[in-house]
Amino acid sequence: MHLRRTVIHCRNPLLSRITSLLLNPRRIPFSSSTPPKPPTTTTEWTDDIEYLDESGSLLFSGKGVRPVDPSIDGPAVPDSAAASKIAETVNRWRWGPDMESRLDNLHFPPKPSHVHRALLHIDDLDSSMGLFRWARRQDWYSPSADTYSFLFDKMDREGDYDGVQSLFDELIDDNDTRPFPFSASNRAVRSLVRAGRLEVSFCCFKKMHEKFGVESLEAKTLNSLIELFLNRGLHYKAFEIYEVMEASKISPEAEVYELMIPCLAKSGRLDAALKMFDEMKMRGVRPSLAVFTSMVDSLGKAGRLDASKRVYDEMGVHGYRPSVTMYASLIESFVKAGKLDSAMRVWDEMKSSGFRPNFALCTLVVESHAKSGKLERAMSIFSEMEKAGFLPTPSTYSCLLEMHASTGQVDSAMKIYNSMMGLGLKPGLNTYTSLLMVLANKKLIDVAAKVLLEMSSVGYPVDVYASDVLMVYIKDGSVDLALRWLRFMGSSGIRTNNFIIRQLFESCMKSGLYESAKPLLVTYVNSSGNVDLVLYTSILAHLVRCQEENSERHIMSILGATKHKAHSFMCGLFTGPERRNKPVLTFVREFFQGIDHEAEEGPARYFINVLLNYLVLMGQLNRARCVWKVAYENKLFPKAIVFDEHIAWSLDVRNLSVGAALIAVVHTLHRFRKRMLYYGVVPRRIKLVTGSTLKVVVAEMLSSVDSPFEVSKVVLRSPGDSVLEWFKKPIVQQFLLNEIPSRGDVLMHKLNVLFPSSVPEVRSLYPPKPWSVHRAI
């Protein structure tokens, strides 16, 4: 049966329920949590049915039976009763399937406010979270910021910080929560901060900042984060959070200022520390003494002394009295910057304030004044330090001693040294070295020996430092003191090296102490010292310059003690051909073949110069000409003779000794003569380049046979034709071949008169030695 229009007045809720059952017997009432289902009857309603209440207001209009609405059809339940019912259900059944089943079959429709009020009456955290999880699955539920805050606080009280992290992650990931409860999320971060969860709290902070920006973060949260990381020493993390705080224009709290400024200062970010320091004062926050101390200390250590002094002066304006630590820091900063006058002003201010400088500060001031050369001030503070009962450290003593030694104040240095030894303090190695050097320079050899023995007794190696003292005497030319010190070293079992032995030997040779020189050379040779050609030649040079027969014998014995191959050559050169079993020229060539011309080219030239000097003095001109000829053949003097075809022939003797120059001139002119007479080659001119030193000697030698050479500044020159006519004279031929004994006697007499005195640059010649010297070699 189809009804056109049916109007049902529901004057009584119970009557309305009965009417709906009569109209549709198969329909089952819906519970509060079960959604209405379409009628299972096949009878379709064609007319609209209107359900009215007692006042005639429309409750429902539609085809068929309307769903049951407990809020209308059942008795109304107050919010407090609904919340109590929910809390009672949860407390009774706890968390689990039973509790959720009871909650699904409540006889009233719950609201989000009921859930929040029920949570306030549930003590168990698991039950509270069970109710919250159940409500989150309902379509009608949307949690409020107060609910999240309540749960975060409850977890914080219970110590369930893993739950706080989990709930925070759900809150961040839930995109349906609108508006986002920023206060609750900040509360969660602060809870993690209080728990000391560094990584977790910083991670939560980063999530909020990246997703919602700086506006989502509260000042209290940022301050607590900064304070946590600063207290844990993670300054770089705190600085990162502080940058976010600056971007959000949030001012730090006073506690954060107190922690942040010292951390910025100690980490080297002084400009940021000063900026925050000024900002702190502008906000009316009074800096603490710790802040002032850290700023003064950090600025001073960084060398920003003006800023450090400014902060130091501001501290008095705020009513703070500088501490001993601040005084010490400021003094130390001025001292290290070299501003001793400013440091001493603060020092005097510190003492006038009643503070007593500590041991470290006294030591620093004393040593800084000593190193700056202000020894009087240093000794004054040092005396005050001793009167105050401070026992100076070895470094302080050493500093004072070294500075007195460096200025040559031997008496003061020895006084400090004796005080140091009297107190049983062990001087450092540098202290001993400085004291030994000043004693050596002052030639106090006995005191230096005493200090060296004391140095050895405390365990320091003394060989090197004893050798250093020996070198001081050698360089100073005090050969007698050097020999005396060497004897002391030998008696004490202290050894030196071959280099110093050689230096002392050469000093003895220069001073004419040949008797003392020979034992040194023997020691040098027995210690595997290298007697090279230079050393042997230097000894031979002393023999050339020697004028006393007794000294010559000593030098001869020294030459033999060298055991150098050049000495065997010298001995063989002066023996007769019957003992050599070979001509002189061959003997000389064999000797020069054994010389390494690449390594010993310079020493070989030096040896040739001195040897030719000696041979000329001994009257061995033929042997000298052989030596020069072989030397020229071995290209030891490659640019001495130059043939420029028909234009010019020249001989350069500027780098030769006197004897070598004379032999070279005679031998070379003989070669020129043979070339001009036998081969008919006549140059335009012939030059003898002598230099200013040898010019007179060569000119006087050639003048004895009326040479055509004209003397200029450094050259003897003549036209080739004139020299050719001169070469044709028999006396010139005999002179060049050295065949006129009478002429040789005259020539040698002139040479003995004209040879210059002994100077290092010129290997001079002296009158010929008697044949006894020849036999001694």
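Quantities reported herein were computed from a predicted structural model and do not represent experimental measurements. (Residues numbered from 1 in each chain as written. Predicted model: local features only at pLDDT ≥ 70, side-chain atom pairs only at ≥ 80, totals over all residues. Heavy atoms only, no water.)

On to the overall build of the chain. A count of helices and strands for the chain gives 41 helices and eight strands. Counting only residues that meet the buried cut, the chain has 48% of its 777 residues in that class. Long-range contacts, defined here as pairs at least 24 residues apart, represent 63% of the contacts in the chain between residues at least 6 apart. Working note: accessible area of the chain is about 38700 Å², and carbon and sulfur atoms make up 51% of it. (Helix = DSSP H or I, 4+ residues; strand = E, 2+ residues; numbered from the N terminus. Buried < 20%, exposed > 50% of the residue type's maximum accessible area, 1.4 Å probe, protein only. Contact = heavy atoms within 4.5 Å. Areas by Shrake-Rupley, 256 points an atom, 1.4 Å probe, with all protein chains shown as cover.)

Okay, helix α30 (residues 549–561) next. When the terminal C-alpha atoms of α30 are compared, their 19 Å separation across 13 residues agrees well with the 18 Å that a helix rising 1.5 Å per residue should span. For α30, every residue scored as buried is listed here: Ser551, Glu552, Ile555, Met556, Ile558, Leu559 and Ala561. Following α30 by one or two positions, Lys563 has its phi on the positive side, about 60 degrees. (Expected span 1.5 Å × (residues − 1).)

Two elements, strand β6 (residues 685–689) and strand β8 (residues 715–719), share five bridges in a ladder whose sense is antiparallel. Among the inter-strand pairings, Arg685 is bridged to a residue of β8, identified as Pro719. The pairing of strand β7 (residues 710–711) with β8 spans two bridges and is antiparallel. When the sheet's bridge partners are listed, Val711 is paired in β8 with Leu716. Following β7, the chain reverses through three residues before pairing antiparallel with β8. (Pairing = 2+ DSSP bridges.)

In this section: the UniProt feature "repeat: PPR" (unreviewed entry) in the chain. The sites that carry the UniProt feature "repeat: PPR" (unreviewed entry) are, in the present numbering, residues 218–252, 253–287, 288–322, 323–357, 358–392 and 393–427. With 74% helix and 0% strand, residues 393–427 has end C-alpha atoms that lie 10 Å from one another. (UniProt positions renumbered as here; feature names shortened; annotations may be inferred.)

A cluster of acidic residues, Asp123, Asp124, Asp126 and Glu158, forms a negative patch at the surface. As for its placement among the helices and strands, Asp123 is situated in the loop between α5 (112–119) and α6 (125–136). (Patch = residues over 30% accessible without salt bridge, like charges linked within 9 Å, V, L, I, M, F, W, Y side chains within 5 Å. Salt bridge = Lys/Arg side-chain N within 4 Å of Asp/Glu carboxyl O. Lys, Arg positive; Asp, Glu negative; His and termini not counted. Charge placed at Lys NZ, Arg CZ, Asp CG, Glu CD.)

Two numbers describe how helix α29 (residues 533–545) lies on helix α34 (residues 601–617): the axes approach to 9 Å, and their chain directions differ by 25 degrees. The pairing of α29 with α34 is recorded here as roughly parallel in orientation. Of the two possible hands of crossing, α29 and α34 adopt the one that is left-handed. In contact with Leu533, Val534, Tyr536, Thr537, Ser538, Leu540, Ala541, Leu543 and Val544 of α29, α34 contributes Pro603, Ala604, Tyr606, Phe607, Val610, Leu611, Asn613, Tyr614 and Leu617. (Axes fitted to C-alpha atoms, helices over the stretch in contact; angles between N-to-C directions. Parallel < 35°, antiparallel > 145°, perpendicular 65-115°, else oblique. Left-handed = near helix turned anticlockwise from the far one by under 90°.)

Let's shift gears to the packing of helix α9 (residues 182–194) against helix α10 (residues 198–212). With their axes 8 Å apart at the nearest point, α9 and α10 run at an angle of 155 degrees to one another. By the angle class used here, α9 and α10 are roughly antiparallel. Where α9 crosses over α10, the handedness of that crossing is left-handed. The segment α9 lies against α10, with Phe182, Ser185, Asn186, Val189, Leu192 and Val193 engaging Val200, Ser201, Cys204, Met208 and Phe212. Its residues placed into classes, the contact of α9 with α10 shows eight nonpolar, three polar and no charged. (Nonpolar A, V, L, I, M, F, W, Y, C, P; charged D, E, K, R; others polar.)

With that settled, the discussion passes to the packing of aromatic side chains. Using the criterion set out here, one finds 19 aromatic pairs in the structure. Taking the centre distance of 6.5 Å and the plane angle of 50 degrees together, the rings of Tyr536 and Phe607 count as tilted. Of the two residues, Tyr536 sits in helix α29 while Phe607 sits in helix α34, which places them 71 residues apart along the sequence. When its relative accessible area of 0% is taken as the criterion, Phe607 is described as buried. A centroid spacing of 5.4 Å and a plane angle of 80 degrees characterise the contact between Phe591 and Phe592, whose relative ring orientation is edge-to-face. Residue Phe591 shares its accessibility class with Phe592, and that shared class is buried. (Phe/Tyr/Trp six-rings, centres within 6.5 Å; stacked < 30°, edge-to-face > 60°.)

Another point: the pairing of strand β4 (residues 641–644). The pairing of β4 with strand β5 (residues 648–652) spans four bridges and is classified as antiparallel. Note that in β5 the partner of Val642 across the bridge is Ser650. Between the end of β4 and the start of β5, which pair antiparallel, lie three residues, with Glu645 showing a positive phi angle near 50 degrees.

Another point: α6. For α6, which comprises twelve residues, the first-to-last C-alpha distance of 16 Å matches the rise-based estimate of 16 Å (1.5 Å per residue) to within 8%. Of all twelve residues that make up α6, nine are buried, and the element is covered over most of its length. The complete set of buried residues in α6 reads Leu125, Ser127, Ser128, Met129, Gly130, Leu131, Phe132, Trp134 and Ala135. Where α6 is buried, its residues contact α3 (79–93), α4 (97–104), α5, α7 (145–158) and α8 (161–173).

On inspection of all chains with the given rule, the structure shows twelve salt bridges. Across the pair Arg187 and Asp153 runs a salt bridge whose closest N-O atoms are separated by 2.9 Å. Of this pair, Arg187 sits in helix α9 while Asp153 sits in helix α7, and the two are 34 residues apart along the sequence. Given a relative accessible area of 28%, Arg187 falls into the partly exposed group. Several salt bridges share partner residues, and in doing so they unite Arg502, Glu506 and Asp532 into one network.

Let us now look at the sheet that holds β4. Read from one edge of the open sheet, five strands run β4-β5-β6-β8-β7, paired in mixed fashion. The sheet is open, and its two borders are formed by β4 and β7, each paired with just one other strand. Of the strands in this sheet, β4, β5 and β6 are in contact with helix α36 (residues 658–678), which crosses β5 at around 165 degrees. The sheet strands contacting helix α37 (residues 691–703) are β6, β7 and β8, and the helix crosses β8 at an angle near 45 degrees.

Looking now at unusual backbone geometry. Phi is positive for Lys563, which is not a glycine, with a value near 60 degrees. By the secondary structure assignment, Lys563 is in the loop between α30 and α31 (565–574). Of the residues examined, Lys563 reaches a relative accessible area of 67% and is grouped as exposed. Positive phi values are uncommon outside glycine, yet Asp706 reaches one of about 55 degrees. For Asp706, the location among the structural elements is in the loop between α37 and β7. Exposure remark for Asp706: the relative accessible area of 57% places this residue in the exposed category.

Once that is clear, we can look at a positive patch on the surface. Residues Lys629, Arg671, Lys674 and Arg675 make up a contiguous surface patch of positive charge. If you tally residues by element for the positive patch, the top one is α36, at three residues. Along the polypeptide, Lys674 turns up in helix α36.

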